[in-house]
Amino acid sequence: MRGDGVAVPGVNVGGDALHSLRRVIRLAEAESTNTVALDWSRAWRSADLPALVLAERQTAGRGRGSNRWWSGKGALTFSVVLEPAHYGIDVARWPALSLAVGAAAATALAPFAPGGDVRLKWPNDVFAAGRKLGGVLIEPPPGRTDRLVIGVGLNVNNSLAEAPEEIRSRAATLSELAGGLLDREAVLAAVLRQLFDDLAALGVENPALLARWRRLCFLTGRSVMVEDCGRVTAGTCLGIDDDGALRVQTERCVERLFSGVVVEYA
Ligand code: BTN
């Protein structure tokens, strides 16, 4: 099922943070909230944004690259459509924006799981206790360079017992870290509040934001192997730069990586 939800302009779906949303689409089921958002956003004007597309269940969730995104009952899967320029973020800052989304999610989730060691794994995975708690998929609608669809998948109350084996061993859920089921509306509101706060902060010089990214970085000090379009960079992670680049000390020099997949770390 795609795009058959209700568009409700200006609805507050739970908390002050969501007042800024101009459209909220709640779907019982969708193939992928990103796919729905890419589709629907073609008809949306700037004044309709930011918009939220939320699905109770995804039947064909998409991950980065050619990956699929599995999400069982109780997970949070949503997409936010926005225009970065509205927050003072130009195209050159899009790598930092991508990182900011993962960092905002990690920051917002941490209080729900005290002691859970919720971190950011560059570029924008949310990690806890060394396992994946959430992921982010950012896509521009075809033919547009002013708009982004920011898809976020978070393991909240879903049970990993139902997940495919390769996911079960590498994923974490917020409820297992918290020791009980959580109010998903509260989790959603916290993530969106942090996201909109951080996007506003990203549009200006903000040392506190950068310092938080560095504290959250799961890879700093670890040996990493990063692959980007067939090129592999191996070395020790030195942390995150002001522009969102990952600094890696290789045998020869310090490389600054703006995109890629961390294929190994230790
Ligand atoms: C990744 O880690 O590979 C990114 C996962 C992103 C998953 C979310 S769930 C909501 C949105 N809709 C999708 O199909 N994907 C993103």
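Details of the structure are given in the entry above.
Computed from a prediction, not measured in an experiment: that's the story for all the values here. (Residues numbered from 1 in each chain as written. Predicted model: local features only at pLDDT ≥ 70, side-chain atom pairs only at ≥ 80, totals over all residues. Heavy atoms only, no water.)

**Regarding the pattern of salt bridges**
Two side chains of opposite charge can pair, provided their charged atoms sit close to one another.
For step 1, the next point in the chain: Taken as a whole, this structure holds 21 salt bridges when the rule is applied.
For step 2, the next point in the chain: Arg57 is the partner of Glu29 in a salt bridge, and the nearest nitrogen-oxygen pair spans 3.1 Å. Here the residue Glu29 occupies a position in the loop between strand S2 (23-27) and helix H1 (33-40), and Arg57 occupies one in the loop between strand S3 (51-55) and strand S4 (76-82), the gap between them amounting to 28 residues.
For step 3, the next point in the chain: Given a relative accessible area of 27%, Glu29 falls into the partly exposed group.
For step 4, the next point in the chain: We classify Arg57 as partly exposed; its relative accessible area is 45%.
For step 5, the next point in the chain: The salt bridge involving Glu139 is made with Arg62; its shortest N-O contact spans 2.7 Å. With Glu139 in strand S7 (residues 131-139) and Arg62 in the loop between S3 and S4, this pair connects stretches of sequence that are 77 residues apart.
For step 6, the next point in the chain: The class for Glu139 is buried, based on a relative accessible area of 16%.
For step 7, the next point in the chain: Taking the relative accessible area as the measure of exposure, Arg62 reaches 31% and is therefore partly exposed. (Salt bridge = Lys/Arg side-chain N within 4 Å of Asp/Glu carboxyl O. Helix = DSSP H or I, 4+ residues; strand = E, 2+ residues; numbered from the N terminus. Buried < 20%, exposed > 50% of the residue type's maximum accessible area, 1.4 Å probe, protein only.)

**A short note on the site of the ligand**
For step 1, the next point in the chain: Lining the immediate environment of the ligand, one finds 20 residues, of which Ser32, Gln58, Arg62, Arg64 and Lys132 sit closest.
For step 2, the next point in the chain: Contacts to the ligand include Ser32, whose side-chain N or O atom sits 2.7 Å from an oxygen atom.
For step 3, the next point in the chain: Between the ligand and the protein, one listed contact pairs a nitrogen atom with a backbone N or O atom of Arg62 at 2.7 Å.
For step 4, the next point in the chain: For the ligand, whose accessible area on its own is 420 Å², the fraction buried by protein is 98%.
For step 5, the next point in the chain: Where the shell around the ligand is concerned, the elements lending two or more residues are H1, S4, S7 and strand S8 (148-154).
For step 6, the next point in the chain: At 4 residues, S7 tops the list of elements feeding residues into the shell around the ligand. (Near = heavy atom within 4 Å. Polar contact = N/O pair within 3.5 Å; in protein donor to acceptor, adjacent residues only side chain to side chain. Areas by Shrake-Rupley, 256 points an atom, 1.4 Å probe, with all protein chains shown as cover.)

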